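Here are the chains, one letter per residue:
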Amino acid sequence: MEQLTPAKVTPADPPGGAAGEAEKRRALRKMKLVALSFLLGATLVFLLTSWAQSAGWPAWVGYVRAAAEAGMVGALADWFAVTALFRHPLGLKIPHTAIIPNKKDALGTSLGDFVGSNFLSEEVVRDKLKRVEIARRLGGWLAQEENAERVTSELATMVRAAVKVLRDDDIQAIMEQAVARRIIDKPWGPPLGKILQGVFADGAHHKLVDLMCDRAYEWVRDNHTTMLRVVSDRAPSWSPKFVDEMLADKVYGEVLSFAWAVKTDVNHPMRLALDKFLGEFAQDLQTNPEVMARAEQVKGQIVHHEEVQRLIGSAWSTAKEMLLTAAEDPSSELRRRVRLGLMSLGSRLVSDDQLRSKADGWVEGAAAYLVKNYSREITTIITDTVERWDAEETSRKIELQVGRDLQFIRINGTVVGALAGLVIYAVAELLF
């Protein structure tokens, strides 16, 4: 099978885009002309002094000729050295030239190793983060309301994007299977009995009992006619009507008195009997198999009711709408609480030394873990990226970035070569 090789890519353009690159190109051409002018100047001086020396001019001409000759050699040597970095000089494939195109991959590997050894070591990362004091700086930044609002706005944007990307059917299925189904499949009797037992033991149900007693008394008080009709309807047909009415009034009075007594007396036997019944019921929900089974039957009837199923089915849609509405409204309670929470966290990170120390430890630990276990993967980004670059284009762009400064090597080579040639010629004349 034919092996596929990764396609070569062009290195990213320098900052400033096309305009910045054009400016760098003009500056590079200008510096190349300056460096070339030094070489041409040294060549012209060399030719003139060579003619003058052959024409019998004074001895000082030899000093100038030696300086010009050495300057030419220095300029040509440095031109060759600078050019050999990026291409073959004069197109001649001389060994050890066009270094950057030919050694691009090796340079990328060396750069990755250098970054890994000097920047992605655990000691370096921990020391740098400790001196930076990220928690204090982050806390001071978050404590400002405008910054907390900015973070809240970004979080809201992320939430909106995430919610809109998720498919409603998928989320609904997850909620039904992972949440609703888990709740439904677990027996309700024991946990419900335990909750009720705690509520009854604390007396938290007494207010509900008070409300029921109040409503029962009010109902009896306001339904005198109904009570009379019920008693009359149950009376024998041969009983006189006035006797039925007297009996109904008597029963109504007793019922009303009983309801009033239950309403006003917190220690009424009816209330105590109700407390006892509720306590036994809570216990039976946890231990009595028959009661637990009946609780499961009731649970099944409730869960499979049409309205409950509709509620479960629309849970995500309702939650999604509420979340999107809250995230999009800058004045919503959700965003206000998030903003205040971030400001509070920022203030604590500044003032609370213990919390700040913990936060710095978490950051240092996380960064150390990353560089310890994934530094090779991180540096591989550098080496792989350099390997994918086109060699010629890479050489051109690197030359565009540093070539202007490298032209000073040619200029300095001309000047230093000329001075060295002058010194060597002068020493030779003095000695010989």
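Residues numbered from 1 in each chain as written. Predicted model: local features only at pLDDT ≥ 70, side-chain atom pairs only at ≥ 80, totals over all residues. Heavy atoms only, no water.

## Side note on the overall build of the chain
A tally of helices and strands in the chain yields 19 helices and zero strands. Going through the 432 residues of the chain one by one, you find that 27% of them count as buried. Of the contacts formed within the chain by residues at least 6 apart in sequence, a portion of 74% connects residues at least 24 apart. Within the structure as shown, the chain displays about 28,900 Å² of accessible surface, and the carbon and sulfur contribution to it stands at 63%. (Helix = DSSP H or I, 4+ residues; strand = E, 2+ residues; numbered from the N terminus. Buried < 20%, exposed > 50% of the residue type's maximum accessible area, 1.4 Å probe, protein only. Contact = heavy atoms within 4.5 Å. Areas by Shrake-Rupley, 256 points an atom, 1.4 Å probe, with all protein chains shown as cover.)

## As for the environment of Gln197
Examined against the element boundaries, Gln197 turns out to sit in helix α9 (residues 189-202). Residues Gln197 and Gln286, 89 residues apart in the sequence, show an inter-C-alpha distance of 9.7 Å. Leave out the neighbours within four places in its chain, and Gln197 touches Ala282, Gln283 and Gln286.

## Quick word on the nonpolar core
Val115, Leu120, Val125, Leu129, Ala367 and Val371 form the largest nonpolar core, which has six residues in total. Not counting the four nearest positions on each side in its chain, Val115 is found in contact with Leu120 and Ile382. (Core = buried A, V, L, I, M, F, W, Y, C linked by side-chain atoms within 4.5 Å.)

## So, the pattern of salt bridges
Evaluation of the coordinates by the stated rule reveals 22 salt bridges. Here Asp353 makes a salt bridge to Arg356, at a shortest N to O gap of 2.4 Å. Of this pair, Asp353 and Arg356 both sit in helix α18 (residues 353-388), three residues apart, which is roughly one turn of the helix. Of the residues examined, Arg356 reaches a relative accessible area of 9% and is grouped as buried. (Salt bridge = Lys/Arg side-chain N within 4 Å of Asp/Glu carboxyl O.)

## Overview of a nonpolar patch on the surface
Residues Val45, Trp51, Trp57, Trp60 and Val64 make up a contiguous nonpolar surface patch of about 530 Å² in total accessible area. At the level of elements, α1 (17-54) and α2 (60-86) are the ones that each hand at least two residues to the nonpolar patch. Mapped onto the fold, Trp60 is located in helix α2. (Patch = residues over 30% accessible without salt bridge, like charges linked within 9 Å, V, L, I, M, F, W, Y side chains within 5 Å.)

## Regarding the UniProt feature "transmembrane region" (unreviewed entry) in the chain
UniProt records the feature "transmembrane region" (unreviewed entry) at residues 33-52, 64-86 and 408-428, using the numbering of this structure. Taken end to end, residues 33-52 is 100% helix and 0% strand, and its two terminal C-alpha atoms sit 28 Å from one another. From the first C-alpha to the last, residues 64-86 spans 34 Å; its make-up is 100% helix and 0% strand. (UniProt positions renumbered as here; feature names shortened; annotations may be inferred.)

## Focus on the packing of aromatic side chains
Counting across every chain of the model gives four aromatic pairs. Plain terms: the ring middles of Tyr369 and Tyr374 are 6.2 Å apart, the flat faces sit at 65° to each other, and that makes the pair edge-to-face. Assessed through its relative accessible area of 38%, Tyr374 is described here as partly exposed. (Phe/Tyr/Trp six-rings, centres within 6.5 Å; stacked < 30°, edge-to-face > 60°.)

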